[in-house]
Every structure is written in structure tokens, then in C-alpha cells.
Amino acid sequence: MKYKNPKYRKRRNTFPLEVSCGNCKKPMVIYEKGGKGNLVKMQVPRIIESDVNLEGYEGHLLCSNCKEELARKGTYNENITYWIIRGKVNTKRLTNYF
Ligand SMILES: [Zn+2]
């Protein structure tokens, strides 16, 4: 992907998750996921890389290819966070990523 996130901080007991557009399948974000369960939100410090430059990115997260709205911008624990719109993304756990 084009952009490494300079705000990314590695954490323990996590794994990389590829988040792609549910409409056109374009990979948009590699996210460091912790715990079990579905992806609900993406906190910016845990985004490893992304297809759009999140520095200064305005508004909700759109697919860079088909412009589908994938997540809504908000906050969580004072971090900028993209809240996944249910059913709009596909996720895939990556092995051998690091
Ligand atoms: Zn798309």
C-alpha cells in the first residue's frame, strides 16, 4: 500500500488484518487487530498502512477506487477512529506479513 502510518505503534498480542472494500475488493488498510470478534473500528495509531494518506484526511473513509463509504470518522479513547459501516468491508487475517 502507498502510505505507512507514521503514528502507528506496535503492540503485543495482535495480528495484521487486511481491510478491503466490500464492493470492489480493493485493499484499503492493513490494521493491527487485537482480540477476537469482528472488526468494529479502526483506531489510527493501530493502522499500519493505508491506500489513502490519513495525515490530514478529511471526513469519512471512502474506497479509493469505487468511492464507496466504508467507515465513519469519529473518536475513541481520544484517538481518531474510523468506525466500520456494517457490511461494507471485507477482512482477511494476514500471515507472514511482518
Ligand atoms: Zn471499492
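Could you give an account of a nonpolar patch on the surface, with specific residues and numbers?
Among the surface-exposed residues, V40, Y76 and W83 lie close enough to one another that they form a single nonpolar patch of about 260 Å² accessible area. Its location among the elements puts W83 in strand β8 (residues 79-84).

Pulling in residues and values, what's your account of the sheet that holds strand β2 (residues 14-21)?
A sheet is described by the order of its strands in space; here five strands give the open sequence β1-β5-β3-β2-β9, paired in antiparallel fashion. Only two strands of the sheet have a single neighbouring strand rather than two, namely β1 (3-4) and β9 (89-93). Bridge count for β1 against strand β5 (residues 47-50) is two bridges, and the pairing is antiparallel. Bridging from a neighbouring strand, K4 pairs with E49 of β5.

An account of the packing of aromatic side chains is requested, with residue identities and associated values reported.
Counted by the stated rule, this structure contains two aromatic pairs. Taking 6.5 Å as the distance between ring centres and 75° as the angle between the ring planes, the aromatic pair formed by Y57 and Y82 counts as edge-to-face. Of this pair, Y57 sits in the loop between β5 and β6 (61-62) while Y82 is found in strand β8, placing the two residues 25 residues apart along the sequence. Y57 gets classed as buried once you look at its relative accessible area, which sits at 16%. Taking the centre distance of 5.9 Å and the plane angle of 75° together, the rings of Y76 and W83 count as edge-to-face. Given the relative accessible area of 32%, Y76 is considered partly exposed. In this structure W83 comes out as partly exposed when scored by relative accessible area, which is 31%. When the ring centre of Y76 is taken as reference, the NZ or CZ atom of K41 above it lies at 4.4 Å. The cationic tip of R93 hangs over the ring face of F15; the distance from NZ or CZ to the ring centre is 3.7 Å.

I'd like to hear about the nonpolar core, residue by residue, with values.
Counting residues in hydrophobic clusters, the biggest one holds 21 residues, and the most contacted among them are V29, M42, I47, L61 and Y82. For this core, the secondary structure elements donating two or more residues are β2, β3 (27-34), β7 (69-76) and β8. At four residues, β2 tops the list of elements feeding residues into this core. Non-local contacts of M42, meaning those with residues more than four positions away in its chain, are made with V19, V29, Y31, I47, L61, I80, T81, Y82 and I84.

Scoring rules and cut-offs
- Residues numbered from 1 in each chain as written.
- Predicted model: local features only at pLDDT ≥ 70, side-chain atom pairs only at ≥ 80, totals over all residues.
- Heavy atoms only, no water.
- Patch = residues over 30% accessible without salt bridge, like charges linked within 9 Å, V, L, I, M, F, W, Y side chains within 5 Å.
- Areas by Shrake-Rupley, 256 points an atom, 1.4 Å probe, with all protein chains shown as cover.
- Salt bridge = Lys/Arg side-chain N within 4 Å of Asp/Glu carboxyl O.
- Helix = DSSP H or I, 4+ residues; strand = E, 2+ residues; numbered from the N terminus.
- Pairing = 2+ DSSP bridges.
- Phe/Tyr/Trp six-rings, centres within 6.5 Å; stacked < 30°, edge-to-face > 60°.
- Buried < 20%, exposed > 50% of the residue type's maximum accessible area, 1.4 Å probe, protein only.
- Lys NZ or Arg CZ within 6 Å of the ring centre and 35° of its normal.
- Core = buried A, V, L, I, M, F, W, Y, C linked by side-chain atoms within 4.5 Å.
- Contact = heavy atoms within 4.5 Å.

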